[in-house]
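# Coordinate inspection notes
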Amino acid sequence: MVELLIRLKFTLGRHSFGGARWFTLSVIALGSALTWYLAVTAASDQVRSGLLMLVLAVWAGAWVLGPTITNGVGVLRSQYFTLLPLDRNRVGASLLVTMFVGPGALLTLVVAASVAWHAWASDPATLFLGLLGMLMLVVFMVSLSRLVFRALGAAMHSRIGMEIASVQWGLILAGLMFGWAAVQPALAAMGSLPQVGIQGTAATVLSLIPTSWPLLAVDAATMGAWGAAFGWLGAFGALTLATVLVTVRLLAPSVTSRGVRRRSRPLGSRVFDGGRSFLPDTPLGAVVGKELRHWWRDPWRGLKLRSSLYAGLFIGLLGLISYLPQIAPFSGVVAVLIMGMASSNLYGHDGSALWLTVVGQGRDTHRVEIRGRQIAIAVLIVPLAVLMSAVMVIATGEYWAVPFVLTGLVLFVGVTNGLAVLLSVVAVTPGVDPHQRVDANDSGDNQLQVWFSMAAFPVLSAPTIATTVWLGLQGMPWLALPIALANGALVSWLLGRIAYQRLERRLPEMFTRIRYGKDIAAQTVPKSGGSLLDQLERGALASNAETKPTGS
């Protein structure tokens, strides 16, 4: 079975080996070279030990985050084998074995070999400890990677798990956007690391990370403390074994019910009850209520909302602990931006539920559908973003930023709101229907929407940005606020109008895209030319991956 799965993995890899994977392999190769450079040029055994602790912790973090960011591209998933008459634990173990075959695992072995080099350079008698630690490190990192990726999907079936997944995604987004603010001092000191190593509190913290335990075993044996050496290595071996067993169990295919299990009604749902509802008894109120319920109850939508807020929070915390506290007050603005990009595939999130709109459409259905979604997004993100920015302003004492923060919030709420609904209609990319979702990324690919949004934000916000800069230099930043309000409101209204007019004209084609896939939907779009919206739709069909159900 293992041989067949390995061949299947290579086949899958050949069909998904694009530029992103070449870039990833290049980064991994450079990281391997940097690891060995630090190991060979270290001034002493103690310095080398500290440097390798840092490097191995970074490698473990890369293994944990990499598959999550790429959605496990090129990786066999347990869902593929759910309906086959195979022993489930055997399938789980075989899937784990396939992870050790490939360039990523090979380069990780090259990196882990630096532990054996450290042992040989410190005391040749400890080489066997270094070799054992090297092998266990590879097994631990690869197993931990699969455990985290699979657990992230499994976590979506509970409220606590969804919060944990949201925290992880928030950390990833914050690191990608402003992680440089935290690591810049370390990069500045990179040139002196081979001479001075890791010292103080950082060294103590690194020694507690499990990937450092094989190095601690080698260091203890070098000093003659063989009991401590075997203790460190035995503890790491036990942890590695436990990680492998848990990973095999999670990788084993299973048939389970999906969605968050509830024993009580979700917080906030009572605002929709009968006479106590705060929403008007109109079609628009019904759409707003439906959307708020979806954002509160659907784990995959909740993941996007919470990830946006956690990303903003972590960016604010990065500002507090770094040399740039000025970025902390804008944490709410960043949360609004991320929420806008995360909301750019709303109809893809809903799946084939669009059929209800197709069969039940009336004279004003399309306008109400779009405006209701815009209102719901604003109701969800604005209060929390304002609160977050207010807390950060008070915590940092950067009160000069208040007019700029308010201007940014007002502007980007409108711009992102309009872009989100327009791209949700024009570039809709179907995911797995909600009742069939397994992994955290099953709600549909939106990479084109994200890149288009990043390019469109500065263009649509240019009047306010230019005015704010000029008024800020003149000492009158508060005057930019009404301009931001007009800019944001106009963009939100105009893009929303374009969205519902497009929805009205192409609702059957949208449902075709969601229900039958890109091959059928491509026949409804002009092959070349057409309007900008037609070109954008063709781009989504060509570039966004099509996520399909892969079993239970």
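Residues numbered from 1 in each chain as written. Predicted model: local features only at pLDDT ≥ 70, side-chain atom pairs only at ≥ 80, totals over all residues. Heavy atoms only, no water.

## Describing the overall build of the chain
In terms of helices and strands, the chain carries 23 helices and zero strands. The burial tally for the chain puts 50% of its 552 residues in the buried class. Residue pairs at least 24 apart in sequence account for 83% of intrachain contacts in the chain once pairs closer than 6 positions are excluded. Accessible surface, the chain as shown: approximately 25,300 Å² in total, 70% of it carbon and sulfur. (Helix = DSSP H or I, 4+ residues; strand = E, 2+ residues; numbered from the N terminus. Buried < 20%, exposed > 50% of the residue type's maximum accessible area, 1.4 Å probe, protein only. Contact = heavy atoms within 4.5 Å. Areas by Shrake-Rupley, 256 points an atom, 1.4 Å probe, with all protein chains shown as cover.)

## Here's the deal with the side chain of T35
Among the secondary structure elements, T35 is positioned in helix α2 (residues 19-41). A residue is classified by how much of its surface remains accessible, and T35, at 1% relative accessible area, is buried. In this structure the side chain of T35 is engaged in a polar contact, spanning 2.8 Å, whose partner is the backbone oxygen of G31. Ignoring any residue separated from it by four or fewer positions in sequence, one finds T35 in contact with L52, V55, W59, V111 and S114. (Polar contact = N/O pair within 3.5 Å; in protein donor to acceptor, adjacent residues only side chain to side chain.)

## Things to note about the environment of A125
Its place among the elements puts A125 in the loop between α5 (103-122) and α6 (127-155). Take A125: its relative accessible area is 43%, and that puts it in the partly exposed class. Taking the C-alpha atoms as reference points, A125 and T222, 97 residues apart in sequence, are found 8.2 Å from one another.

## Describing the packing of helix α10 (residues 213-222) against helix α11 (residues 226-251)
Remark: α10 packs on α11, axes separated minimally by 7 Å, with the N-to-C direction vectors making an angle of 165 degrees. In terms of orientation, α10 and α11 fall into the roughly antiparallel class. Two packed elements cross with a definite hand, and for α10 against α11 that hand is left-handed. The residues of α11 that touch α10, namely those facing W213, P214, L216, A217, A220 and A221, are W226, A228, A229, W232, L233, A235, F236 and L239. By residue class, the composition of the contact of α10 with α11 is 14 nonpolar, no polar and no charged. (Axes fitted to C-alpha atoms, helices over the stretch in contact; angles between N-to-C directions. Parallel < 35°, antiparallel > 145°, perpendicular 65-115°, else oblique. Left-handed = near helix turned anticlockwise from the far one by under 90°. Nonpolar A, V, L, I, M, F, W, Y, C, P; charged D, E, K, R; others polar.)

## Topic: the environment of L292
Along the chain, the position of L292 falls in helix α12 (residues 283-297). Remark: the alpha-carbon pair of L292 and R373, spanning 81 residues in sequence, is separated by 8.8 Å.

## Structural notes on helix α21 (residues 480-516)
For α21, with 37 residues, the first-to-last C-alpha span of 47 Å runs short of the 54 Å given by 1.5 Å per residue. R506 marks the point of greatest bend in α21, at about 80 degrees, and the proline P508 comes within the next four residues. G517 sits one or two residues past α21 and shows a positive phi near 95 degrees. (Expected span 1.5 Å × (residues − 1). Bend = angle between axes of the 7 residues up to and from the residue.)

## Re the nonpolar core
Y347, L354 and I370 are the most contacted members of the largest nonpolar core, which has 50 residues in total. Here the element with the most residues in this core is helix α18 (residues 402-426); it accounts for 13 residues. Beyond its immediate stretch of four places on either side in the chain, L354 contacts Y347, L507, M510, F511 and I514. Among the nonpolar cores identified, the runner-up in size contains 33 residues, and I28, L56, L107 and V148 belong to it. (Core = buried A, V, L, I, M, F, W, Y, C linked by side-chain atoms within 4.5 Å.)

## Quick look at the pattern of salt bridges
Summed over the entire model, instances satisfying the criterion amount to twelve salt bridges. A salt bridge links R373 to D350, with the nearest nitrogen and oxygen atoms 2.8 Å apart. Linking R373 in helix α17 (residues 365-396) with D350 in helix α15 (residues 346-350), this pair joins segments that are 23 residues apart in sequence. A salt bridge links D534 to R502, with the nearest nitrogen and oxygen atoms 3.1 Å apart. Residue D534 is located in helix α23 (residues 532-543), and its partner R502 is located in helix α21; the two are separated by 32 residues in the primary sequence. Judged by relative accessible area, which is 12%, D534 ranks as buried. Salt bridges here are not isolated pairs; linked through shared partners, they connect K290, E291, R301, D350, E369 and R373. (Salt bridge = Lys/Arg side-chain N within 4 Å of Asp/Glu carboxyl O.)

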